[in-house]
Amino acid sequence: MIKIMEKEYDHISLADYEGYTYDRRLGGFKGIHYLHDRGFTENVMDGLKIYRDYEVFYSNYDFPTVEEAIKHIHICGGKAVLAHPGKYYRNSTMEEVITDFEKLLASEIDGIECYYPIHSEELTACCVNFCEEHDLMITVGCDCHGEMSKKENEYIMGCIKKDETELKLKF
């Protein structure tokens, strides 16, 4: 996108973008911060509209399969944990959730983010029970993406309090 934009705008260039750095504690990703810091957008989140305008969508790119991603996470010494399943399974039955979890288990997933702000009690229990039954990690998260996403109705770091005895971490 920057390569295309540099032909249209004098104050944006691929070389400048490649050398650009920003405070990662602010959250978000490099492109939207670059556009904002170069005066192209009024705020960081407006950068997402630019991505849309230039038709830069996830669906336009090939991503690794779940199996490939898990394999590479393991090769690098990491743990593959399903993040915020409540976002994916909001309208699913618990039977559908378990069926998907079993597929992930066959792909050697290491854990599930069982505690998450939008999870129903039923989904939380389903996640915890599945992890306990299959000796998987039980984690907690809030999906905080730094300062850029802080709003009154957004999830902030620490919004879920869990005692370490409620988690199962394997390092």
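Here is a short report on the structure shown in this document. (Residues numbered from 1 in each chain as written. Predicted model: local features only at pLDDT ≥ 70, side-chain atom pairs only at ≥ 80, totals over all residues. Heavy atoms only, no water.)

## Describing the overall build of the protein chain
For the protein chain, the helix and strand inventory stands at 8 helices and 3 strands. N-terminal to C-terminal, the α/β element order of the protein chain is α-α-α-α-α-β-α-α-β-α-β. When burial is assessed residue by residue, the protein chain has 32% of its 171 residues classed as buried. Here the contacts in the protein chain between residues at least 6 apart in sequence split such that 60% fall between residues at least 24 apart. Looking at the protein chain as shown, the accessible area adds up to about 11,300 Å², and 51% of this sits on carbon and sulfur atoms. (Helix = DSSP H or I, 4+ residues; strand = E, 2+ residues; numbered from the N terminus. Buried < 20%, exposed > 50% of the residue type's maximum accessible area, 1.4 Å probe, protein only. Contact = heavy atoms within 4.5 Å. Areas by Shrake-Rupley, 256 points an atom, 1.4 Å probe, with all protein chains shown as cover.)

## Description of the pattern of salt bridges
Under the defined criterion, the tally for this structure stands at 6 salt bridges. The salt bridge involving Lys49 is made with Asp46; its shortest N-O contact spans 3.2 Å. Among the residues examined, Lys49 registers a relative accessible area of 44% and is labelled partly exposed. In this structure, the salt-bridge partner of Asp100 is Lys103, at a minimum N-O distance of 3.9 Å. A residue pair is termed a helical-turn pair when its members lie 3 or 4 positions apart in one helix, as Asp100 and Lys103 do in helix α7 (residues 94-106) at 3 residues. A single salt-bridge network, built from bridges that share partners, covers Asp135, Lys168 and Lys170. (Salt bridge = Lys/Arg side-chain N within 4 Å of Asp/Glu carboxyl O.)

## Focus: the sheet that holds strand β2 (residues 111-115)
Across a sheet, paired strands are connected by hydrogen bonds in the backbone, their directions being either parallel or antiparallel. Here 3 strands make up an open sheet; going across it, the order is β1-β2-β3 and the pairing parallel. Two strands lie at the open edges of the sheet, namely β1 (81-82) and β3 (137-140), each paired on one side alone. Bridging between β1 and β2 involves 2 bridges; their strand directions are parallel. Each residue of the ladder has a partner; that of Leu82, found in β2, is Ile112. In the packing of helix α8 (residues 121-133) onto the sheet, the strands contacted are β2 and β3, and the crossing angle to β2 comes to about 145°. (Pairing = 2+ DSSP bridges. Axes fitted to C-alpha atoms, helices over the stretch in contact; angles between N-to-C directions.)

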